[in-house]
Amino acid sequence: MKKEILVKKGAEASLYLQKWHSRKTIMKKRLSKKYRIPELDIAIQAQRTKRESQLMHRAKEAGVPTPIVYFVDLQNSTIVMEYIEGKQVKQVLDELPSNERIKICQNIGELVGKLHRAGIVHGDLTTSNMILTPKDDIVFIDFGLSEQTWEDEPRGVDLHLMKRAIMSTHFTHVDECFKAVIEGYEKVLGKKATKEVLDKITEIERRGRYITER
Amino acid sequence: MSKGYCLGIESTADDFGVGVVSFKGEILANINDSYVPEKGGIHPREAARHHADVAGKVITEALKRSKIEPKDLTLIAFSQGPGLGPCLRTGATAARSLASYLNLPLVGVNHCVAHIEIGKLTTGALDPLTLYVSGGNTIVSAYESGRYRIFGETLDIAVGNCLDAFVRESDIKFERGKPLGRIVEELAAKGKNYIPLPYTVKGIDLSFSGLLTAAVSLLKEKKYDVEDVCFSFQETAFSMLTEVTERALAHTEKKEVLLTGGVAANTRLQTMLRIMSEEHGARFSVVPKGYSADNGVMIAWTGVLSYLHGMKVPIEKSFVKTKWRLDEVEVPWVEKRDIS
């Protein structure tokens with residue numbers, strides 16, 4: 001490994017662009033947090049590195065594009081993965097014409113549906129964690145908070161987070177975007193399962209301290 | 001800015017507070033009287049009864065302290081929500097009576113907006129990412145296009161509620177009326193050994209109910225020192241808070257971090273957020289003591305800001321809004337020119 005270029009310093013990890021056995025790769029290194037006591041810090045880093053690499057692979061089996069994992073170093077909380085060409089959905093979504101925006105959101109919904117159908121909950125479904133490739137594919141990244149489960153509750157939380165991310169970042173298109181996400185989701189999981197998850201979202205929202213019933 | 005004075009009344013939960021501020025943001029009085037339950041948490045009706053009992057006294061005291069005659073007031077503000085219905089209605093009634101008797105305009109203020117605005121006024125923060133933590137709220141928010149947008153919040157109970165309930169469920173002895181969060185802070189400072197507890201971060205949201213249950217059962221097992229349990233409990237809860245704030249900071253790319261609300265008084269939480277903010281090159285500020293917990297000053301000041309932007313409410317429409325969310329409120333005073 002040599003010639004690493006820091007491409008992004010996120011909240012949790014730094015991403016380095018590098019050549020790895022002549023492939024263009026991203027090295028994701030989780031950073032130790034000085035604000036956390038070491039006992040907690042080490043446990044969190046190890047757990048997330050492990051989960052991320054495992055579930056990124058499972059997601060691919062479920063038909064959801066994710067970067068290929070080449071190498072995992074638990075000791076150093078590092079994952080080497082495929083470099084994905086493209087832009088974050090966050091950057092492009094608001095700029096697109098309405099019909100394309102809806103198409104992308106439906107596509108996202110289908111992919112989330114496929115994850116859930118395979119028992120994977122992403123845990124951090126924001127438009128920053130989705131990459132739109134030049135071929136118009138959407139690739140999901142950042143599985144550090146993901147978990148394996150078939151229950152409605154975590155599925156509901158997953159979609160609730162997605163909705164909230166749209167509300168805070170793409171507030172001018174909230175209704176249109178979330179509706180399209182649900183349409184895509186329903187295509188994969190069917191009417192019944194989708195309704196159950198939607199009911200769960202309502203329940204989760206009502207559970208919040210100050211949420212007007214909409 | 002035009003001249004004037006505003007009296008603000010806060011009564012969303014256990015505190016009945018009255019503040020007086022000038023339209024320029026000078027704080028002239030900050031008087032507070034808290035309802036202290038015999039046992040358990042806040043009983044809304046009992047708290048409201050307390051507020052009704054002390055309202056006259058606290059308002060008189062605030063006016064006396066501010067050295068302002070009632071006739072010199074320009075504006076009355078009250079916290080219109082969110083909060084406990086009976087408590088809110090008591091404060092609203094007092095505010096309506098004052099406005100009507102003195103023939104002054106009335107402004108209804110969102111309690112969460114007020115916590116952010118008092119933080120900005122007292123620390124000089126201009127466009128911060130705010131972590132607002134109290135007994136009733138846990139919200140990560142930042143200004144974007146006319147409103148304080150919520151980037152993260154608790155999915156169940158607030159962190160302050162989690163701390164309070166933990167002490168009440170335990171057999172920790174404490175002095176009546178002392179903030180329960182401070183008891184945890186003092187015990188935690190003597191703890192050394194970390195016992196793993198549920199750490200629940202979901203995106204930028206978090207959940208405290210599992211942590212509370214686990215921490216209480218650790219205490220009941222009686223296998224561990226209470227100091228160590230408090231230490232582990234606090235480290236876990238505050239690491240979660242700092243992590244979601246960090247996530248929101250990376251997402252919004254703001255250059256300032258503001259800590260506000262009752263739990264902001266905790267020095268361990270302050271330290272963690274300061275370290276995190278510095279790592280990101282963001283300026284960290286914390287609301288000073290006296291303005292972290294609920295107070296009338298923050299209501300008065302936000303009342304001034306609202307009033308100067310034409311937001312007043314006629315008495316007959318001044319209903320309280322128990323579930324009024326932060327992100328439903330337009331904040332036209334936060335203009336781009338204030339944000340460099």
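Computed from a predicted model, the values in this text were never measured in an experiment. (Residues numbered from 1 in each chain as written. Chains lettered and ligands numbered in written order. Predicted model: local features only at pLDDT ≥ 70, side-chain atom pairs only at ≥ 80, totals over all residues. Heavy atoms only, no water.)

### Some remarks on the overall build of chain B
Worth spelling out the cut-off: A run of H or I in DSSP counts as a helix once it spans at least four residues, and a run of E counts as a strand once it spans at least two, with each numbered from the N terminus. Radius of gyration means the value over C-alpha atoms here, while the globule rule gives 2.2 Å times the residue count to the 0.38 power. Buried, partly exposed and exposed residues are distinguished by accessible area as a fraction of the type maximum, computed with a 1.4 Å probe on protein chains only: under 20%, between the cut-offs, and over 50%, respectively. Contacts: residue pairs with any heavy atoms within 4.5 Å of one another.
Along chain B, the regular secondary structure elements total nine helices and twelve strands. Its C-alpha radius of gyration of 20 Å places chain B within 12% of the 20 Å reference for a compact globule of 340 residues. Taking the principal axes of the C-alpha coordinates as reference, chain B spans close to 65 × 50 × 30 Å. A total of 340 residues make up chain B; the buried ones form 61% of that total. Partitioning the contacts of chain B with sequence separation of at least 6, the portion at a separation of at least 24 is 76%.

### Here we look at the packing of aromatic side chains
The condition that has to hold: Between rings of Phe, Tyr and Trp, where Trp is taken as its six-membered ring, a pair exists when centres lie within 6.5 Å; planes separated by under 30 degrees are stacked, by over 60 edge-to-face, and by other angles tilted.
One pass over the full model with this rule turns up five aromatic pairs over all chains. Centroid distance W20 of chain A to Y70 of chain A: 5.8 Å. Interplanar angle 20°. Geometry classified as stacked. One end of the pair, W20 of chain A, is in strand β2 (residues 13-20); the other, Y70 of chain A, is in strand β4 (residues 69-73), and 50 residues separate them in sequence. Residue class for W20 of chain A comes out buried when judged on its relative accessible area of 16%. Overall, the relative accessible area of 24% leaves Y70 of chain A in the partly exposed class. Aromatic side chains F166 of chain B and F233 of chain B sit 4.3 Å apart centroid to centroid with 25° between the ring planes, which places their arrangement in the stacked category. Residue F166 of chain B is found in helix α4 (residues 159-169), and its partner F233 of chain B is found in helix α7 (residues 226-252); the two are separated by 67 residues along the sequence. Comparing F166 of chain B with F233 of chain B shows no difference in burial state: the two are buried.

### Quick look at the sheet that holds strand β12 (residues 283-286) of chain B
All names here are of chain B. Quick reminder of the rule: Pairing between two strands requires that DSSP report at least two bridges joining them. Geometry is summarised by axes, namely lines fitted to C-alpha atoms with helices restricted to the contacting stretch, and by angles between N-to-C directions that run from 0 to 180 degrees.
Pairing within the open sheet is mixed, and its five strands lie in the order β8-β7-β6-β11-β12. The outermost strands of the open sheet, each flanked by one partner alone, are β8 (147-153) and β12. Each neighbouring strand pair of the sheet contributes to a mean axis angle of 25°, computed without reference to strand direction. As paired strands, strand β6 (residues 129-133) and strand β11 (residues 256-260) are joined by four bridges and run parallel to one another. The residue of β11 that forms the bridge with L131 is L259.

### Quick look at the interface of chain B and chain A
Quick note on the threshold: Buried area: the accessible area, evaluated with a 1.4 Å probe, that two parts lose upon being put together, summed over both parts. Any carboxyl oxygen of Asp or Glu that lies within 4 Å of a side-chain nitrogen of Lys or Arg is treated as forming a salt bridge with it. Polar contact is the term for a pair of N or O atoms within 3.5 Å; when the atoms are in protein, one must be able to donate a hydrogen and the other to accept it, and sequence-neighboring residues count only if both atoms are side-chain atoms.
Across the contact, 43 residues belong to chain B and 34 residues belong to chain A. Counting the surface lost from both chain B and chain A, the interface buries some 3400 Å², and carbon and sulfur atoms represent 53% of this. The tally of links from chain B across to chain A stands at nine salt bridges. For E147 of chain A, the salt bridge goes to K202 of chain B, with nearest N and O atoms at 3.6 Å. For the pair chain B and chain A, the number of links is 16 residue pairs in polar contact (both at pLDDT 80 or more).

### A look at the domain arrangement of chain A
All names here are of chain A. What counts, and what does not: All domain edges in this entry derive from an automatic or database-based domain assignment. As a working rule, the residues Ala, Val, Leu, Ile, Met, Phe, Trp, Tyr, Cys and Pro are called nonpolar, Asp, Glu, Lys and Arg charged, and the rest polar, with Gly in that last group.
The domains assigned to chain A are domain 1 (4-82) and domain 2 (87-213). Of all residues in domain 1, L55, V64 and P65 bury the most surface against domain 2, accounting for 35% of the area lost on that side. Along the contact surface separating domain 1 from domain 2 lie one salt bridge. Between K28 and D142 there is a salt bridge, and its shortest N-O distance comes to 3.0 Å. Inspection of the domain 1/domain 2 interface yields five residue pairs in polar contact (both at pLDDT 80 or more). Going through the elements one at a time, β3 (23-30) and α1 (38-61) are the ones with two or more residues in the side of domain 1 that touches domain 2. Considering each element in turn, the side of domain 1 that touches domain 2 owes the most residues, seven residues, to α1. The residue makeup of the side of domain 1 that touches domain 2, split by class, is seven nonpolar, two polar and six charged.

### Some words on the pairing of β3 of chain A
Residues and elements named next belong to chain A. One ladder, built from eight bridges, connects β2 with β3; its direction is antiparallel. Note that in β3 the partner of Y16 across the bridge is M27. Bridge count for β3 against strand β5 (residues 78-82) is five bridges, and the pairing is antiparallel. Opposite T25, over in β5, you have E82 as the bridge partner.

### Re the state of the cysteines
Where we set the bar: The term disulfide is used for any two cysteine sulfur atoms that are within 2.5 Å.
Going through the model one piece at a time under the given rule, you end up with zero disulfides over all chains. Free of any disulfide, C6 of chain B has its nearest neighbouring cysteine sulfur in C112 of chain B, separated by 18 Å.

### Some remarks on the sheet that holds β3 of chain A
All names here are of chain A. Spatially, the five strands line up as an open sheet ordered β1-β2-β3-β5-β4, and their pairing is antiparallel. Of all strands in the sheet, those with a lone pairing partner are β1 (5-9) and β4, marking the two edges. Direction aside, neighbouring strands of the sheet carry axes that sit 20° apart on average. Across four bridges, the pairing between β1 and β2 is antiparallel. Across the sheet, K8 pairs through a bridge with L15, a residue of β2.

### Considering the side chain of N129 of chain A
Residues and elements named next belong to chain A. Within the secondary structure, N129 sits in the loop between β7 (120-121) and β8 (130-132). Accessibility expressed as a relative area gives 8% for N129, which makes it buried. A distance of 2.9 Å separates a polar atom in the side chain of N129 from the backbone oxygen of D124. Sequence-distant contacts of N129, that is, excluding residues within four places in its chain, are made with H122, D124, V139, F140, I141 and D142.

### Observations regarding the packing of helix α3 (residues 98-117) of chain A against helix α5 (residues 174-207) of chain A
Residues and elements named next belong to chain A. Test applied: Each angle is binned into one of four classes, with values under 35 degrees roughly parallel, values over 145 roughly antiparallel, values of 65 to 115 roughly perpendicular, and all other values oblique. Two helices cross in a left-handed way if the nearer one is turned anticlockwise from the farther one by less than a right angle. They cross in a right-handed way if the turn is clockwise.
Between α3 and α5, whose axes approach to 6 Å, the crossing angle comes to 40°. One finds that α3 runs oblique with respect to α5. For the pair α3 and α5, the crossing hand works out as right-handed. Across from S98, R101, I102, C105, Q106, G109, E110, V112, G113, K114, H116 and R117 in α3, the residues of α5 making contact are E176, C177, A180, V181, E183, G184, Y185, K187, V188 and L189. The residue inventory of the contact of α3 with α5, partitioned by class, reads nine nonpolar, six polar and seven charged.

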